[in-house]
Amino acid sequence: MTFFTSLPVALQTVLLLLTSNVFMTFAWYGHLRNMSAAPWYAAALVSWGIALFEYMFQVPANRIGHTEFSVGQLKIMQEVITLAVFVPFAVVYLKEPFKLDYLWAALCMVGAVYFIFRSA
């Protein structure tokens, strides 16, 4: 853990949010592939279990990140990471076709990053 805490706050935040997002994406969408025949409440219980791990990374990420970033900057950082995790998950794991809409969404996120971080 000493190695991790010696990393810059921005890197700690991104790594924790990235890990959190992997769990979040599986919690929110993994049941579509693995539990599509199961009752919705079974999928919800499994998703809750996975989401616990999401929060075990997300809460420290926001606490650490808030020492250097505003809440708005943390939110936009979270959304960029969410898109970066979700698109490969949707295409590779869920076998969804890649759409140019993902690219356009990413370009919108570039604008959001610019506006939220420009005054930093």
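Residues numbered from 1 in each chain as written. Predicted model: local features only at pLDDT ≥ 70, side-chain atom pairs only at ≥ 80, totals over all residues. Heavy atoms only, no water.

1. Structural notes on unusual backbone geometry
Backbone geometry places Lys95, a non-glycine residue, at a positive phi of 60 degrees. Position of Lys95 relative to the elements: it lies in the loop between α4 (71-93) and α5 (100-117). Residue Lys95 is classed as exposed on the basis of its relative accessible area, which comes to 63%. (Helix = DSSP H or I, 4+ residues; strand = E, 2+ residues; numbered from the N terminus. Buried < 20%, exposed > 50% of the residue type's maximum accessible area, 1.4 Å probe, protein only.)

2. Considerations on the nonpolar core
If you look at the biggest cluster of nonpolar residues, it comprises 10 residues: Phe4, Leu7, Leu16, Leu17, Ala61, Phe69, Leu74, Met77, Ile81 and Val85. Of all the elements in the fold, those that place two or more residues in this core are α2 (9-34) and α4. Ranked by residue count, the leading element in this core is α4, at 4 residues. Other than its neighbours up to four places away in sequence, Leu16 contacts Phe4, Phe57, Pro60, Ala61 and Ile64. Ranked by size, the runner-up nonpolar core spans 6 residues in total, among them Ile76, Val87, Ala90 and Met109. (Core = buried A, V, L, I, M, F, W, Y, C linked by side-chain atoms within 4.5 Å. Contact = heavy atoms within 4.5 Å.)

3. Section: the packing of α2 against helix α3 (residues 40-65)
Across the interface, α2 lies against α3 with an axial gap of 8 Å and an inter-helix angle of 165 degrees. Classified by the angle between their axes, α2 and α3 sit roughly antiparallel to one another. Considering how the two elements wind past one another, α2 and α3 form a crossing that is left-handed. For the contact of α2 with α3, a count of residues per class yields 16 nonpolar, 9 polar and 1 charged. (Axes fitted to C-alpha atoms, helices over the stretch in contact; angles between N-to-C directions. Parallel < 35°, antiparallel > 145°, perpendicular 65-115°, else oblique. Left-handed = near helix turned anticlockwise from the far one by under 90°. Nonpolar A, V, L, I, M, F, W, Y, C, P; charged D, E, K, R; others polar.)

4. Looking at α3
For α3, which comprises 26 residues, the first-to-last C-alpha distance of 35 Å matches the rise-based estimate of 38 Å (1.5 Å per residue) to within 8%. In the structure, α3 departs most strongly from a straight axis at Glu54, where the bend amounts to approximately 25 degrees. Looking only at α3, the buried set comprises Ala43, Ser47, Ala51, Glu54, Gln58, Ala61 and Gly65. Packing partners of the buried residues in α3 comprise α2 and α4. (Expected span 1.5 Å × (residues − 1). Bend = angle between axes of the 7 residues up to and from the residue.)

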